Amino acid sequence: MKLTIATTFLALVASTAFAADAVQDIPAAPVAAAPVFTWSGPYFGIDGGAGWLNGDFDFGGGASASEDFNGGVFGAFAGYNFQFDSIVVGIEGNVEHNWNEEDVLGAEIGTDWSGAVRGRVGYAFDKAMIYGAAGWTATRGYVDVPGFDKETETFNGYTVGAGVDFAITNNIFARGEYRYNDFGKQDILGVDVDLDQHEVKFGVGVKF
């Protein structure tokens, strides 16, 4: 009887040890690496905010004046990014409409459509990216005198700015940006007009 009990006990211990070894020999399932977020690729979006435009008017003969043309802005942007480690470079274009018309000496004066093409350089902190941008910009200025044809001129100059993009998801991002636009000088109805503008805008975009 003692021999039978001892034999049964040894068989049970051996079976338990074998089962434990078999479990330990099963390879662990591989853990999938989390995808790394990247800013590379095309994107587009819409933005809006406020613009503070200043116009300097030189009438000749020493006569001059200055006027502010402030109002809302709304537009769209599109671009392409390339990311190298944490550095992001890209190119972006935008078009927008300004609502900044003012009555000056009985004439309606302001700018309406404007646009820009800019190069961007940024630094990415995973899903947040700060950037600076600079390039070419243009706007259409106009003078509308009652009883006369509306006179328009295209102003060309440069733009510089900085902002931050933040990825809400892998494809949707939010943006906040400051921009300075120097539109240069043009002659409208014999008056030299010099325009520059500050803008603060917020937007949302889709990245592919």
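Residues numbered from 1 in each chain as written. Predicted model: local features only at pLDDT ≥ 70, side-chain atom pairs only at ≥ 80, totals over all residues. Heavy atoms only, no water.

A word on the nonpolar core. Among the nonpolar cores identified, the biggest contains 13 residues, and Phe57, Phe69, Ile109, Phe155, Val193 and Leu195 are the most heavily contacted of them. Elements represented by at least two residues in this core include exactly β1 (41–60), β5 (107–125), β8 (172–188) and β9 (191–207). Considering each element in turn, this core owes the most residues, three residues, to β9. Once residues lying within four places of it in the same chain are set aside, the contact partners of Leu195 are Leu53, Asn54, Gly55, Thr111, Thr139, Phe155, Asp182, Phe183 and Gly184. Ranked by size, the runner-up nonpolar core spans eleven residues in total, among them Trp39, Phe77, Met129 and Ala167. (Core = buried A, V, L, I, M, F, W, Y, C linked by side-chain atoms within 4.5 Å. Buried < 20%, exposed > 50% of the residue type's maximum accessible area, 1.4 Å probe, protein only. Helix = DSSP H or I, 4+ residues; strand = E, 2+ residues; numbered from the N terminus. Contact = heavy atoms within 4.5 Å.)

Using the criterion set out here, one finds ten salt bridges in the structure. Residues Lys201 and Asp47 are paired through a salt bridge, measuring 3.4 Å at the closest nitrogen-oxygen approach. With Lys201 in strand β9 and Asp47 in strand β1, the pair connects residues that are 154 residues apart, well separated along the chain. Given a relative accessible area of 5%, Asp47 falls into the buried group. For Arg120, the salt bridge goes to Glu92, with nearest N and O atoms at 3.8 Å. (Salt bridge = Lys/Arg side-chain N within 4 Å of Asp/Glu carboxyl O.)

Another aspect to go through is the pairing of strand β6 (residues 128–144). Relative to β6, β5 runs antiparallel, the two being bridged by 16 bridges. Paired with Thr111 across the strands is Gly141, a residue of β6. Counted along the chain from β5 to the antiparallel partner β6, the turn is two residues long, and its residue Asp126 has a positive phi close to 60°. Judged from the 16 bridges that link them, β6 and strand β7 (residues 151–167) form a sheet pairing that is antiparallel. (Pairing = 2+ DSSP bridges.)

Attention now moves to the side chain of His97. On the secondary structure map, His97 appears in strand β3 (residues 87–99). Ignoring anything within four residues of it in the chain, the contact list for His97 reads Gly72, Val73, Phe74, Asp112 and Trp113.

Turning our eyes to something else, we now look at unusual backbone geometry. Even without being a glycine, Leu105 presents a positive backbone phi close to 55°. Of note in the backbone geometry, Leu189 takes a positive phi value of approximately 55° without being a glycine. The topology assignment puts Leu189 in the loop between β8 and β9. Residue Leu189 is classed as exposed on the basis of its relative accessible area of 55%.

Turning our attention to the packing of aromatic side chains. Taken as a whole, this structure holds ten aromatic pairs when the rule is applied. Ring geometry for Phe77 versus Phe173: centroids 6.4 Å apart, planes at 50°, classification tilted. Pair noted here: Phe77 is in strand β2 (residues 63–84) and Phe173 is in strand β8, with a separation of 96 residues, a long-range link. With a centroid separation of 4.9 Å and an interplanar angle of 45°, the aromatic rings of Tyr80 and Phe82 are classed as tilted. Each residue in the set Phe37, Trp39, Tyr43, Phe77 and Phe173 is aromatic and connected to the rest through ring pairs, giving one cluster. Between Arg120 and the ring centre of Tyr131, over which it is positioned, the NZ or CZ distance is 4.4 Å. (Phe/Tyr/Trp six-rings, centres within 6.5 Å; stacked < 30°, edge-to-face > 60°. Lys NZ or Arg CZ within 6 Å of the ring centre and 35° of its normal.)

With that out of the way, let us pick up the environment of Glu177. Relative to the elements of secondary structure, Glu177 occurs in strand β8. Note on Glu177: relative accessible area 5%, which makes it buried. Counting along the chain gives 128 residues from Glu177 to Gly49, while the straight-line C-alpha distance between them is 9.6 Å. Of the polar contacts made by the side chain of Glu177, one reaches the side chain of Tyr131; its length is 2.8 Å. (Polar contact = N/O pair within 3.5 Å; in protein donor to acceptor, adjacent residues only side chain to side chain.)

Treat this as a map of the structure, not an account of what it does.
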